[in-house]
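# Working through the structure, step by step
Residues per chain, in single letters:
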Amino acid sequence: MAETNDALTAAVLEHAATYVRTFNSGDAAAVDRLYTDDAISVWEKGHPASGAERREGLAEFLSAKPVLKNKVLESYVTSDTALLVTDWAIDIPATADSPAESISGIGLDVLRLGADGQWRFAIDNPYGKEL
C-alpha cells in the first residue's frame, strides 16, 4: 500500500527538523548523509556545488560552529519528490579572527525519497528566493 500524501509530508517535515539538529551538531559527515549522492547546493549565486566541492564547503562552514534555525513555510510532496520553502537564519559565533555574523534567507529545497525510505536533499538552494 502506498503512503498517503499526509504521511509523506510528515516524513519530509521530520527530515527538515532532523536537518536542523544534525547541522547544529557540527558533524559534517552526518549532515552529508542527509543529501543524495548527486546533490547540488547553491550557496553562491550562479555556482552550484556538488560532489567533493559541496562536501568540503559544508565541512568548512560547519567548522565555524554555526547555529541554524529553520521554519518550513510551504511543503509540497508528490510520490518520491518534495519541495520545501523555508525561512532560515544562521548565527555564526565570533572568533579571534572574525566578528559574530548572522545570515538568513528564504530557501527552496528539492528532496527525493530513497529506496531505503529516507528523504534526502537533491537540491539545496538556501537563497532560492533571492537568486
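Residues numbered from 1 in each chain as written. Predicted model: local features only at pLDDT ≥ 70, side-chain atom pairs only at ≥ 80, totals over all residues. Heavy atoms only, no water.

All right, on to the UniProt feature "domain: DUF4440" (unreviewed entry) in the protein then. In this structure's numbering, the residues bearing the UniProt feature "domain: DUF4440" (unreviewed entry) are residues 13-120. Summarising residues 13-120: 28% helix, 49% strand, and an end-to-end C-alpha distance of 12 Å. (UniProt positions renumbered as here; feature names shortened; annotations may be inferred. Helix = DSSP H or I, 4+ residues; strand = E, 2+ residues; numbered from the N terminus.)

In terms of nonpolar packing, the biggest core is built from 22 residues, with Tyr-19, Leu-68 and Trp-119 touching the most fellow members. Mapped by element, the contributors of at least two residues to this core are α1 (5-25), β1 (35-44), α3 (51-62), β3 (67-78), β4 (81-92) and β6 (119-125). It is α1 that provides the largest number of residues to this core, a total of six residues. Not counting chain neighbours up to four residues away, the residues in contact with Tyr-19 comprise Val-31, Leu-34, Tyr-35, Leu-68, Phe-121 and Asp-124. (Core = buried A, V, L, I, M, F, W, Y, C linked by side-chain atoms within 4.5 Å. Buried < 20%, exposed > 50% of the residue type's maximum accessible area, 1.4 Å probe, protein only. Contact = heavy atoms within 4.5 Å.)

Once that is clear, we can look at the environment of Glu-74. Among the secondary structure elements, Glu-74 is positioned in strand β3. We classify Glu-74 as partly exposed; its relative accessible area is 36%. Not counting chain neighbours up to four residues away, the residues in contact with Glu-74 comprise Leu-83, Leu-84 and Val-85. Side chain to side chain, Glu-74 and Tyr-76 meet in a polar contact 2.3 Å long. (Polar contact = N/O pair within 3.5 Å; in protein donor to acceptor, adjacent residues only side chain to side chain.)

A side chain with one charge may pair with a side chain of the opposite charge, provided their charged atoms come close. Following the criterion strictly, the structure yields four salt bridges and no others. Asp-32 is the partner of Arg-54 in a salt bridge, and the nearest nitrogen-oxygen pair spans 2.6 Å. Within this pair, whereas Arg-54 is found in helix α3, its partner Asp-32 is found in helix α2 (residues 28-32), the two being separated by 22 residues in sequence. In this structure, Arg-120 and Asp-116 form a salt bridge, with 2.7 Å as the shortest nitrogen-oxygen distance. (Salt bridge = Lys/Arg side-chain N within 4 Å of Asp/Glu carboxyl O.)

Below, the discussion takes up the packing of aromatic side chains. Tallying each qualifying case throughout the model produces six aromatic pairs. Ring geometry for Tyr-19 and Tyr-35: centres 6.1 Å apart, planes at 75 degrees, overall edge-to-face. One end of the pair, Tyr-19, is in helix α1; the other, Tyr-35, is in strand β1, with 16 residues separating them in the sequence. Among the residues examined, Tyr-35 registers a relative accessible area of 3% and is labelled buried. Note on Phe-23 and Phe-61: the rings are 6.2 Å apart at their centroids and 50 degrees apart in plane angle, and the pair reads as tilted. Highlighted residues: Phe-23 in helix α1 and Phe-61 in helix α3, separated in sequence by 38 residues. Through successive ring pairs, a cluster of aromatic residues spans Tyr-19, Phe-23, Tyr-35, Phe-61 and Phe-121. Over the ring of Tyr-35 we find Arg-54; its NZ or CZ atom is 4.4 Å from the centre of that ring. (Phe/Tyr/Trp six-rings, centres within 6.5 Å; stacked < 30°, edge-to-face > 60°. Lys NZ or Arg CZ within 6 Å of the ring centre and 35° of its normal.)

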